[in-house]
Amino acid sequence: MLRKLLKHEFIATGRIMGIVYAVVALIMGYILISYFAVQRDEASIGQMLGITVLMLISMCMFVLTAVIMVTNFQKTLYGDQGYLTFTLPVKSVSLLASKVITSTVWFIAAFATLIGTMALTMFVVKEDMLGDNYETIESMLPLILGGKSVATVVTYVLYRLISLFVSFAMFTIEVYFAITIANTRLFQKHYVLWTMVFSVAIIAISEKIAIMISEAITFGLVITEESVGVLTNSTAYTPNSLPLDLVSVIVSVLFGIGFFYGTFYLMSKKVNIR
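Every chain is numbered on its own, with residues counted from 1 as its sequence reads. Per-residue local features are limited, in this predicted model, to residues with pLDDT of at least 70; the limit for side-chain atom pairs, both in listing and counting, is 80 or more; totals at the level of whole chains, interfaces and linings are taken over all residues. Processing note: side-chain calculations cover all non-hydrogen atoms of the structure and skip hydrogens and water entirely.

Any chance you could explain the environment of Val100 here in plain terms?
Inspection of the secondary structure puts Val100 in helix α4 (residues 92-124). For Val100, a relative accessible area of 12% gives the class buried. Linking Val100 and Tyr176, residues 76 residues apart in sequence, is a C-alpha distance of 8.4 Å. Any two residues having at least one pair of non-hydrogen atoms within 4.5 Å are treated as being in contact. With residues near it in sequence (within four places) discarded, Val100 still touches Thr172, Ile173, Tyr176 and Phe260. The way it works is that DSSP assigns letters per residue, a run of H or I at least four long becomes a helix, a run of E at least two long becomes a strand, and they are numbered from the N terminus. For each residue, the accessible area found with a 1.4 Å probe, counting protein chains only, is set against the maximum for its type, and the residue is called buried under 20%, exposed over 50%, and partly exposed in between.

Structure follows, in structure tokens:
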């Protein structure tokens, strides 16, 4: 059933997101085709215009994603479609899980668009736009990656990907928790205002607590040139080593689980559907 809910969620939210990403794909395709079709030392006006548009879209994608996800969550659960949604023969936990997963995937897609745009800019524009900075970046890469084993590089990349996924999922469930509180009887009359207030408060407090715990507890991984080890209070590592904090990730996961089931409880017991 979760698979069907995810399919429905992606179709519902993809009506707008799909159009935007189709435009992004067309612009990227045009830039790459024109780049390989006409070899030249400087980027053309069309390529520069396309890159500028991509940059603007990439910077707006996170805001657009947040607006669509919040609007869809409010409308389909606590708005006009709420009665229909809650009459479906599925558990509320599945409804919530499908929305969290969908939102997280769209946020990751927005981040991938930003990274893709930056990579395309580096590839097409190069010295024409970056000048000596491009040569500096090229010269730094061997120093950053040189000497490190495949295992250490893979570990670092996996850590960053997992941290990114957890961060987007955490942000999503925090906002959904705030929206759910704002739709309880006490706050429903001004639910938009209370959604903003609770979102800011929940995110700020959670971040503060996570930082305090991370500072009090040292645990994670430490990457050296040849190996990956466990990082604790007693671990000694060289300046060239790269420490990766796992405490903040674990705390975010635990907070996320708590907010998820808190949202589920409020959905089931306390929310008034409009």
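Hey, could you run me through the nonpolar core in this one?
The tendency in soluble globular proteins is for nonpolar side chains to be buried side by side. Buried Ala, Val, Leu, Ile, Met, Phe, Trp, Tyr and Cys residues that are joined via side-chain atoms within 4.5 Å together make up what is termed a nonpolar core. The biggest cluster of nonpolar side chains holds 40 residues, and the ones touching the most others in it are Leu96 and Tyr176. Broken down by secondary-structure element, the contributors of at least two residues to this core are α1 (2-37), α2 (45-78), α4, α7 (150-182), α8 (191-216) and α9 (247-269). What Leu96 contacts, discounting residues up to four positions off in sequence, is Phe73, Ile173, Tyr176, Phe260, Thr263, Phe264 and Met267. Ranked by size, the runner-up nonpolar core spans five residues in total, among them Tyr159, Val166, Ile223 and Leu244.

Is there a simple way to think about the packing of α2 against α4 in this case?
Packed helices, taken two at a time, are described by the angle between their axes plus the distance between the axes. Between N-to-C directions, angles cover 0 to 180 degrees, with each direction set by a line fitted to C-alpha atoms, over the stretch in contact for helices. The interhelical angle for the contact between α2 and α4, taken along N-to-C directions, is 175 degrees, at an axis separation of 9 Å. Here α4 runs roughly antiparallel to α2, going by the angle between their axes. Think of it as three bins: nonpolar holds Ala, Val, Leu, Ile, Met, Phe, Trp, Tyr, Cys and Pro, charged holds Asp, Glu, Lys and Arg, and polar takes everything else, Gly as well. Counted by class, the contact of α2 with α4 contains 18 nonpolar, nine polar and one charged residues. In what follows, roughly perpendicular refers to angles from 65 to 115 degrees, roughly parallel to angles under 35, roughly antiparallel to angles over 145, and oblique to any angle outside these ranges.

Explain α1 here, please?
Every α-helix carries 3.6 residues per turn, so stepping three or four residues along brings you back to the same face. In a helix, the anticipated span is given by 1.5 Å times the number of residues less one. For α1, built from 36 residues, the straight-helix expectation of 52 Å at 1.5 Å per residue is missed by more than 12%, its first-to-last C-alpha distance being only 45 Å. Axes are fitted to the seven residues ending at a residue and to the seven starting at it; the angle between these axes is taken as the bend at that residue. Helix geometry: α1 is bent most strongly at Gly14, by close to 65 degrees.

Help me understand the packing of α1 against α2, please; the structure alone is not making it clear to me.
At a minimum axis distance of 10 Å, the contact between α1 and α2 shows a crossing angle of 170 degrees. One element, α1, and the other, α2, form an angle in the roughly antiparallel class. In the contact of α1 with α2, the residues fall into 19 nonpolar, seven polar and one charged.

Just to check I follow, could you spell out the pattern of salt bridges for this structure?
Two side chains carrying opposite charge are able to pair once their charged atoms lie near each other. The salt bridge criterion pairs a side-chain nitrogen of Lys or Arg with a carboxyl oxygen of Asp or Glu, the two atoms within 4 Å. Summed over all chains, the structure comprises one salt bridge. Residue Lys99 is joined to Glu9 by a salt bridge in which the shortest nitrogen-to-oxygen separation is 2.8 Å. Note that Lys99 is positioned in helix α4 and Glu9 in helix α1, a separation of 90 residues in sequence. For the pair formed by Lys99 and Glu9, the shared burial category is buried.

Hey, could you run me through the pairing of strand β1 (residues 220-223) in this one?
A regular strand places its side chains so that they alternate between the two faces of the sheet. In this analysis, strands are considered paired if DSSP registers two or more bridges between them. Strand direction decides the pairing type here: β1 and strand β2 (residues 228-231), joined by four bridges, are antiparallel. Along β2, the bridge assignment pairs Val222 with Gly229. As defined by bridge partners, β1 adjoins strand β3 (residues 242-245) across four bridges and the pair is classed as antiparallel. Along β3, the bridge assignment pairs Ile223 with Leu242.

Keep in mind these numbers describe shape, not what the thing actually does.
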